[in-house]
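# A look at the structure
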Amino acid sequence: MQAGQVVVQLADNIMVGHVGTAQLAGVSFANAIFVIGIVSLIGFSQGLTPLVGESMGRDDHRAASRYLKNSFLLNTIVFTLVAAILLVTGLLMGKMGQEPEVLHYARDYYFINLASIVAMLPFFTCRFFAEGVGNTKYAMWITVISNLMNVLLNWVFIFGHWGSPALGVSGAALATLISRIFCAVSFLIILTVSRRMGPFFREALRIRPDRETLRTLLFLSVPISLSGLLESMSFSLAAIMVGWMGKVELAAHQIVNSLSQLSFMVATGIGAAATIRVSFQYGAGKKEETVMAANASIHMSLFYMGACGLLFVALRHLLPSVYSNDPAVTALASKLIIVLALFQVADAVQLASMASLRGLKDTKVPMVYSLISYYLVAIPSGYLLGFTAGLGPAGVWVGLLLGLFAAAILFYVRFLRICRRKGLLPSRRGPE
């Protein structure tokens, strides 16, 4: 299900890449900015899941409904603010040092995509509530259908089929907008008619928002959102730095970044399951099962992302050709894939560890660790290696690799410390 969130961008990148290198670079640049807002919104909405999960662990359904009502109100305010910030940021694209041709296509894609935030509000709120309740199948099927819809509409709008003009980059953005509206409408219908979800929805309608619940959601959601924002911004800054090197470099970077997102988001799905299970077991007072859920997510993430790394290396000459026909782009992308394969293990550990910490409602210190990992390690080292040392895009990617390893170590050590503090693991000092 998590992978479906990036398959939309993946399909856009592949199909736009066959229109031209400048078009692919433009979509890459637009996504580098747009994803900052989307990740922050996803992170903010995720604050609902552990609270609902813990309530379900205590069998307190009214509390779960109360969190749903208050979360929708809070999300409406935050989504509106983020949309306004993204609008202003889009108007300032011309001051970010990109080539004029790339900038033209980036604007075409960006501003149509911006309208989809209206659809993301109900979808993310419903989705993360459903995850807290322990139901993930609805979001999975909605996302699968919407992705198939996006691919079909890309074919129609980008290349001009079934009577549609060939809209190119704008067509890809229009297809994405329509598919996201479908996601929102579908989930709202399910939330109102489902036997399992309907009672929560009807109860939420009768509940009034209250300051205490809003405060609880806010204090948990803001650090989660900022942690995701810090990480996504580091990758966006990396894309901007690579864009200074040229459109070929930026197009190659986008190919590798798309592959990175695909493996990343599946592992994020495993992490989401960890947040659900950890919060549920902790709410039910089951100490051993809480730790087992977290460890299982780390092992599963390591296995999956390690396998992805091996697959990336084996197919490094084939995968770039799926995105682009430009020999210069595909040759550079195949080299960058080597670095991508190396940081799969670090990415797996940091994702699963952070997700488990969210299940225990520990979010503030991990936010600080994100700041350290990405802005004291990843971005400075990426700039030094990419420009000062002359390694180009490969140097920027090595910087990201170093930042991910720092995050993996910090998050995992933090998880062990919190487990000992909460009595989920024995103290290092042993029994007294």
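Throughout, a residue's number is its position along its own chain's written sequence, starting from 1. Per-residue local features of the predicted model are confined to residues with pLDDT of at least 70, and side-chain atom pairs are confined, for both listing and counting, to 80 or more; whole-chain, interface and lining totals are unaffected and use all residues. The basis for every side-chain value is the complete set of non-hydrogen atoms in the structure, without hydrogens or water.

## Some words on the overall build of the chain
Of the regular secondary structure elements, the chain holds 17 helices and zero strands. Throughout, the radius of gyration refers to the C-alpha atoms, and the reference size of a globule is 2.2 Å times the residue count to the power 0.38. What you see for the chain is a C-alpha radius of gyration of 21 Å, in line with the 22 Å of a compact globule of 432 residues. Each principal axis of the C-alpha distribution contributes one length, and for the chain these read about 60 × 55 × 35 Å. Contacts in the chain between residues far apart in sequence, at least 24 positions, make up 82% of those at least 6 positions apart. We get accessible surface area from the Shrake-Rupley algorithm with a probe of 1.4 Å; when it comes to residues, only the shown protein chains can shield them. Approximately 17500 Å² of the chain is accessible, and the part contributed by carbon and sulfur atoms is 69%. Looking at charge distribution, the chain has the averaged site of its 32 positive side-chain charges lying 7 Å from that of its 19 negative ones. Helix and strand assignments follow DSSP, with helices taken as H or I runs no shorter than four residues and strands as E runs no shorter than two, numbered in order from the N terminus. We call two residues in contact whenever any of their non-hydrogen atoms come within 4.5 Å of each other. Residues scored as positive are Lys and Arg, those scored as negative are Asp and Glu, and His as well as the terminal groups of each chain are ignored. Here the site of a charge means NZ on Lys, CZ on Arg, CG on Asp, or CD on Glu.

## Side note on the packing of helix 11 (residues 247-283) against helix 12 (residues 287-314)
Comment: axis = line fitted to C-alpha atoms, over the contacting stretch for helices; angle = value between 0 and 180 degrees taken between N-to-C directions. Contact pair helix 11 / helix 12: the axes reach a minimum separation of 8 Å and the direction vectors enclose 170 degrees. Between helix 11 and helix 12, the angle is such that the two are roughly antiparallel. Of helix 12, the residues touching helix 11 (which contributes Leu259, Leu262, Ser263, Phe264, Val266, Ala267, Ile270, Ala274, Arg277, Val278, Gln281 and Tyr282) are Glu289, Thr290, Ala293, Ala294, Ser297, Met300, Ser301, Tyr304, Met305, Cys308 and Phe312. Of the residues contributing to the contact of helix 11 with helix 12, the split by class is 16 nonpolar, five polar and two charged. Note that the term roughly parallel is reserved for angles under 35 degrees, roughly antiparallel for angles over 145, roughly perpendicular for angles of 65 to 115, and oblique for everything else. Classification convention: Asp, Glu, Lys, Arg as charged; Ala, Val, Leu, Ile, Met, Phe, Trp, Tyr, Cys, Pro as nonpolar; all other residues, Gly among them, as polar.

## Remarks on the pattern of salt bridges
Salt-bridge detection follows one rule: a side-chain nitrogen of Lys or Arg within 4 Å of a carboxyl oxygen of Asp or Glu. A full pass over the atoms with the stated rule returns five salt bridges. In this structure, the salt-bridge partner of glutamate 131 is arginine 127, at a minimum N-O distance of 3.2 Å. Here the residue glutamate 131 and the residue arginine 127 both occupy positions in helix 6 (residues 117-133), the gap between them amounting to four residues, near one helical turn. Only protein chains enter the accessibility calculation, which uses a 1.4 Å probe; a residue is then buried when its area is under 20% of its type maximum, exposed when over 50%, and partly exposed in between. Look at arginine 127 and you get buried, because its relative accessible area is 1%.

## Points about the nonpolar core
For this analysis, a nonpolar core means a set of buried residues of the types Ala, Val, Leu, Ile, Met, Phe, Trp, Tyr and Cys, connected via side-chain atoms within 4.5 Å. Grouped together as the largest cluster of nonpolar side chains are 64 residues, with contacts concentrated most on Phe29, Phe34, Val52, Ile117, Phe129 and Phe187. Core analysis: the next-biggest nonpolar cluster, separate from the first, contains 37 residues, Val242, Leu332, Met354 and Phe411 among them.

## Quick word on the environment of leucine 310
Among the structural elements, leucine 310 can be located in helix 12. When its relative accessible area of 65% is taken as the criterion, leucine 310 is described as exposed. Between the C-alpha atoms of leucine 310 and threonine 275, which are 35 residues apart in sequence, the distance is 27 Å.

## Observations regarding the side chain of threonine 49
Mapped onto the secondary structure, threonine 49 falls in helix 3 (residues 48-57). For threonine 49, a relative accessible area of 2% corresponds to the buried category. The term polar contact refers here to a pair of N or O atoms within 3.5 Å; inside protein, the definition further demands a hydrogen-donor-capable atom paired with an acceptor-capable atom, and it admits residues adjacent in sequence only when both atoms are side-chain atoms. Of note is the side chain of threonine 49, whose polar atom sits 3.0 Å from the backbone oxygen of phenylalanine 128. The residues touching threonine 49, leaving out its near neighbours within four places in the chain, are Phe128, Glu131, Gly132, Thr275, Ile276 and Ser279.

## Focus: the environment of tryptophan 155
Position of tryptophan 155 relative to the elements: it lies in helix 7 (residues 137-159). For tryptophan 155, a relative accessible area of 34% gives the class partly exposed. A C-alpha to C-alpha distance of 26 Å links tryptophan 155 and alanine 328, two positions 173 residues apart in sequence.

## Observations regarding the packing of helix 12 against helix 14 (residues 327-342)
When two helices pack together, their arrangement is given by the angle between their axes and by how far apart the axes lie. One way to put it is that helix 12 packs onto helix 14 with a least axis distance of 8 Å and a crossing angle of 165 degrees. Considering the angle they form, helix 12 stands roughly antiparallel to helix 14. Where helix 12 crosses over helix 14, the two elements pack in a sense that is left-handed. Across from Gly309, Phe312 and Val313 in helix 12, the residues of helix 14 making contact are Ile337, Leu340 and Ala341. When the residues that make up the contact of helix 12 with helix 14 are grouped by side-chain class, the tally is five nonpolar, one polar and no charged. Left-handed describes a crossing whose near helix is turned anticlockwise from the far helix through less than a right angle; right-handed describes the clockwise counterpart.

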